[in-house]
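Chain residues, written in single-letter form:
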Amino acid sequence: MWDDAFPSFLIGLREGLEGGLIVSILVATLVRAGAKSRLPQVWTGVLAAIALAMSFGAVLTFTAASLSATAQEAFGGTLSVIAVAFVTAMVFWMRRSARGLSGEIKEKVTEALAMGAGMLIVTSFLAVGREGLETALFLWTTARAAGESAGPMIGAGIGLVLAAGLCWGLYRRVLKINLTKFFTATGAVLIVIAAGVLGYGLRDLQEGGVLPGRTAYAVDLSGSIDAGSWYSTLVQGVFNLSPTMTWLQVVGYAVYLAVVMTLFVRGVRGFRTPAAETASAAQGSDAVKHASARHDSDAVKHASAAKDSDAEEHASAAKDSDAEEPKTAALARRRPVWVIPVAVVAVPSVLAGLIVALSGSKPAGAQTVAVSQSECGKGFTAPKPGRQTFQMHNTGNKTSEVYLVDPATNAVYGEIEGLAPGTTRDLVATVAGGTYAWRCVPTGGKAVTSQSVRVSGGSGAKAVVPVSESDLAAPLSAYKAYVSQGLATLVAQTRKLSDDIAGNHLDAARTDWLTAHRTYSSLGAAYGTFEDFDKKINGRSDGLPDGVTDKDFTGFHRIEYGLWHGQSADQLKAPAQQLAQDVAGLQKAFPGQDFDPGDLPLRAHEILENTLQFELTGDTDQGSGTNLATADANLAGTRELLTVLKPLLTTRAPQLLTTVDADIDRLQKLLDAAHHDGSWTPVDKLDETTRARVNGVTGQLLEDLAPIPDLLEIRKSS
């Protein structure tokens, strides 16, 4: 845990101190200006920025959790690379801007004071928000790399608390810190850590199929280094270096470290010229004397926090410099630039290593179990009943999936996907009375099952009966038949819509438009197979250069806009003909399109998730006010999908179907209540109570549907 904590501790300390200094400068500026009554506005902006950062972290977590394993790897790898870019930019920006930070922020605060309370809130929000978003992204990346370890969160918490204490000390002028040296030293360390995060991110992109070469290993020390040892755990936790690395990882790590560290060190040397140091010391000395002469106790009190025009930041350094002997100063100037960064990395690393070595690198009682074709389950003995942690160590040369199963029924109690050669990850599962074995599935290899063990006593173990592609074959065939029938109906409906418009029967066209659009919306589980046809048939104007007048705005929503915004039949004739042609093209192409069986369980949740995001917000309404009709069609599509999946769900979670059916009935009644004499109540015309009930019931249904993708995930355990 402690080895995983160090990178997050450093980012928490550095970003916390950076954000805290900004807040201190904001507060000090207002106090000096005699505007203490405006401080609540600053804190409002700061709290809003913190809330934004936390929400950003939650969105990242939720988004990743809703993706498949391969997509999670690609998503996480992409964000890791983005996080490295942000951290790199942050390091160079602070090195360049620290000296003038106070003056820049004071100028913005002065402008905000003149413009009113709202601008002061916005100023503090923007000043702190950037640091918050950077911190959230980097912490999410390091936490994901650490797996289930709590180290990153503990390290970040300690760093933020320490940063808050340092900022308070600087503000109260009880501490003296040379911030330029601090940000230089921590910047060098962060570059080293970011290089490891980049390597980890590139590996994720390889595992996700975005980048090639995931089996082209440049370094493979898995045979001579124990990935679960304390020293290996320490190196992996702090530097994200593993015993097995691909060529892309190694090249990316080396090139990034060489280029960025060289630029950083050169910048530091250029920044610390003798003339600049002399001028800074003189300026700091003059500023302190001036503050003392004016007896401005308030300015002195806040000098360290504000770093006013660089004087306050370097005041203590200048005074210390005057007190030192010339020989000591000369030695300090000759000290190599790498001494402080190495010390900052080495000291915490050694301490963390001692803690890990003394406490042990694995949880008490955890078994280390081998994963490979030749050694699957080696080291596995009958565990005690209850919640257990197993350290799964891939001793082979292929990335593997591993499952804890009941060999008699193939029920899965726990699993790890994408376990790379030479790596070790924890698998946590609840064990009760029964028979257990390990099933190892190397990439491109055959599944191997270990010897089984018997456990007596205990309760609470939950298993998932695995689903194979053959299990989903019948539901997929049934749903494809449903979609084919729906497309045939849709072809006739869109032709009738086109004829209505060609004949200038716009009232009939509005009715037929809704009928056709509802038919299309009821095919929600198939959208992923429609390829470019979906964008043509049901695309939106969002993101198009000319919005609703853009030439690429086509399909149902284009016609909806025209029918309910007074456009003539001549203006709508071409879009209606194009819609009919696109639907006919989709019907012809659908039998040959690739329909991934694994999409069916995913769509059980996603159809209504999109409904909540787009239809129930009114976001897709182009004037017809029929979003609830579309929501009703989406619900019908979800009901049909659950019908074809029912045989698989009945044997795995029969109580889930009962709960979901009750949710669907409640939502259906609410939608029916909004349908009167062939017309639908627009979403924005619903009273607050009804709208809240619709959103609440839909949210509850989504929550109850959420387990289906996990229950019916295709596993390679048999």
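Residues numbered from 1 in each chain as written. Predicted model: local features only at pLDDT ≥ 70, side-chain atom pairs only at ≥ 80, totals over all residues. Heavy atoms only, no water.

1. A look at the pattern of salt bridges
Taken as a whole and judged by the stated rule, the model has 10 salt bridges. Where Asp 542 meets Arg 540, a salt bridge forms, and the shortest distance between an N and an O atom there is 2.6 Å. Since its relative accessible area comes to 26%, Arg 540 is described here as partly exposed. A salt bridge links Arg 603 to Glu 606; the nearest nitrogen and oxygen atoms lie 2.7 Å apart. With a gap of three residues between them, Arg 603 and Glu 606 both fall in helix H21 (residues 599-615), about one helical turn apart. The exposure class of Glu 606 is partly exposed, given its relative accessible area of 24%. In the salt-bridge network here, residues are joined through shared partners; they are Arg 540, Asp 542 and Asp 619. (Salt bridge = Lys/Arg side-chain N within 4 Å of Asp/Glu carboxyl O. Buried < 20%, exposed > 50% of the residue type's maximum accessible area, 1.4 Å probe, protein only. Helix = DSSP H or I, 4+ residues; strand = E, 2+ residues; numbered from the N terminus.)

2. Digging into unusual backbone geometry
With a phi close to 65°, Asn 504 is a non-glycine residue in the positive phi region. With phi around 55°, Asp 677 is a residue other than glycine that occupies positive phi space. As for its placement among the helices and strands, Asp 677 is situated in the loop between strand S11 (675-676) and strand S12 (679-680). Assessed through its relative accessible area of 85%, Asp 677 is described here as exposed.

3. Topic: the state of the cysteines
Counting across every chain of the model gives one disulfide. Here Cys 376 pairs with Cys 440 through a disulfide, and the sulfurs are 2.1 Å apart. Negative torsions about the S-S bond denote left-handed disulfides, and the value of about 85° found for Cys 376 with Cys 440 makes this one right-handed. Of the two residues, Cys 376 is situated in the loop between strand S3 (367-371) and strand S4 (386-394) and Cys 440 in strand S8 (residues 434-442); the sequence distance between them amounts to 64 residues. The class of Cys 376 is buried, set by a relative accessible area of 11%. Looking at Cys 440, the relative accessible area reads 0%, which means it is buried. (Disulfide = S-S within 2.5 Å.)

4. Observations concerning the packing of helix H19 (residues 556-563) against helix H20 (residues 569-589)
Geometry of a packed helix pair, given as the angle between the helix axes and the separation of the axes. Packing of H19 against H20 leaves a shortest axis separation of 9 Å and a crossing angle of 155°. When the interaxial angle is binned, H19 and H20 end up roughly antiparallel. The two elements H19 and H20 meet at a crossing, and its hand is left-handed. From H19, Phe 556, Arg 558, Ile 559, Gly 562 and Leu 563 reach across to H20, where they touch Gln 571, Leu 572, Pro 575, Ala 576 and Leu 579. Each residue belonging to the contact of H19 with H20 can be placed in one class, and the counts come to seven nonpolar, two polar and one charged. (Axes fitted to C-alpha atoms, helices over the stretch in contact; angles between N-to-C directions. Parallel < 35°, antiparallel > 145°, perpendicular 65-115°, else oblique. Left-handed = near helix turned anticlockwise from the far one by under 90°. Contact = heavy atoms within 4.5 Å. Nonpolar A, V, L, I, M, F, W, Y, C, P; charged D, E, K, R; others polar.)

5. Considerations on the sheet that holds S3
Strand order in the open sheet formed by three strands is S3-S4-S7, with mixed pairing between adjacent strands. Since the sheet does not close on itself, it has two edges, and those belong to S3 and strand S7 (424-431), each with one partner. Averaged over neighbouring strand pairs, the angle between their axes works out to 35° when direction is ignored. Sheet topology note: the S3/S4 ladder contains five bridges and is parallel. Counted as the bridge partner of Thr 368 is Gln 391 from S4. (Pairing = 2+ DSSP bridges.)

6. A word on the side chain of Ser 522
One can find Ser 522 in the loop between helix H17 (506-521) and helix H18 (533-538). The exposure class of Ser 522 is buried, given its relative accessible area of 12%. Among all residues touching Ser 522, those that are not within four sequence positions of it are Tyr 479, Tyr 482, Ala 633 and Gly 637.

7. Overview of the nonpolar core
Core analysis: the biggest nonpolar cluster contains 69 residues, and Tyr 479 and Leu 641 have the highest contact counts within it. When near neighbours in sequence (up to four residues on either side) are disregarded, Tyr 479 contacts Ser 522, Leu 523, Gly 524, Ala 525, Ala 526, Phe 595, Leu 600, Gly 637, Glu 640, Leu 641 and Val 644. Among the nonpolar cores identified, the runner-up in size contains 21 residues, and Val 84, Ile 191, Val 260 and Phe 264 belong to it. (Core = buried A, V, L, I, M, F, W, Y, C linked by side-chain atoms within 4.5 Å.)

8. Quick notes on a negative patch on the surface
Together, Glu 469, Glu 531, Asp 532, Asp 594 and Asp 596 make up a negatively charged patch on the protein surface. Structurally, the position occupied by Glu 469 is in the loop between strand S10 (453-455) and helix H16 (473-502). (Patch = residues over 30% accessible without salt bridge, like charges linked within 9 Å, V, L, I, M, F, W, Y side chains within 5 Å. Areas by Shrake-Rupley, 256 points an atom, 1.4 Å probe, with all protein chains shown as cover. Lys, Arg positive; Asp, Glu negative; His and termini not counted. Charge placed at Lys NZ, Arg CZ, Asp CG, Glu CD.)

9. Here's the deal with the packing of H16 against H17
It is at 9 Å that the axes of H16 and H17 come closest, and there the two elements cross at 160°. Taken together, the axis directions place H16 and H17 in an arrangement best described as roughly antiparallel. Remark: the crossing between H16 and H17 carries left-handed chirality. Two secondary-structure elements touch here, H16 through Gly 486, Thr 489, Leu 490, Gln 493, Thr 494, Lys 496, Leu 497, Asp 500 and Ile 501 and H17 through Ala 508, Ala 509, Asp 512, Trp 513, Thr 515, Ala 516, Thr 519 and Tyr 520. Here the residues of the contact of H16 with H17 are counted per class, giving eight nonpolar, six polar and three charged.

10. Side note on the packing of aromatic side chains
Counted by the stated rule, this structure contains 11 aromatic pairs. When the ring of Tyr 479 is compared with that of Phe 595, the centres are 6.4 Å apart and the planes differ by 85°; the resulting orientation is edge-to-face. Pair noted here: Tyr 479 is in helix H16 and Phe 595 is in the loop between H20 and H21, with a separation of 116 residues, a long-range link. The residues Tyr 479 and Phe 595 share a single accessibility class, namely buried. Ring centres of Phe 530 and Phe 590 lie 6.1 Å apart, and the angle between their planes is 75°; on these two criteria the pair is classed as edge-to-face. Of this pair, Phe 530 sits in the loop between H17 and H18 while Phe 590 is found in the loop between H20 and H21, placing the two residues 60 residues apart along the sequence. With respect to class, Phe 530 is no different from Phe 590; both count as buried. Over the ring of Phe 533 we find Lys 536, and its NZ or CZ is 5.7 Å from the ring centre. (Phe/Tyr/Trp six-rings, centres within 6.5 Å; stacked < 30°, edge-to-face > 60°. Lys NZ or Arg CZ within 6 Å of the ring centre and 35° of its normal.)

On their own, these measurements won't tell you what the molecule is for.
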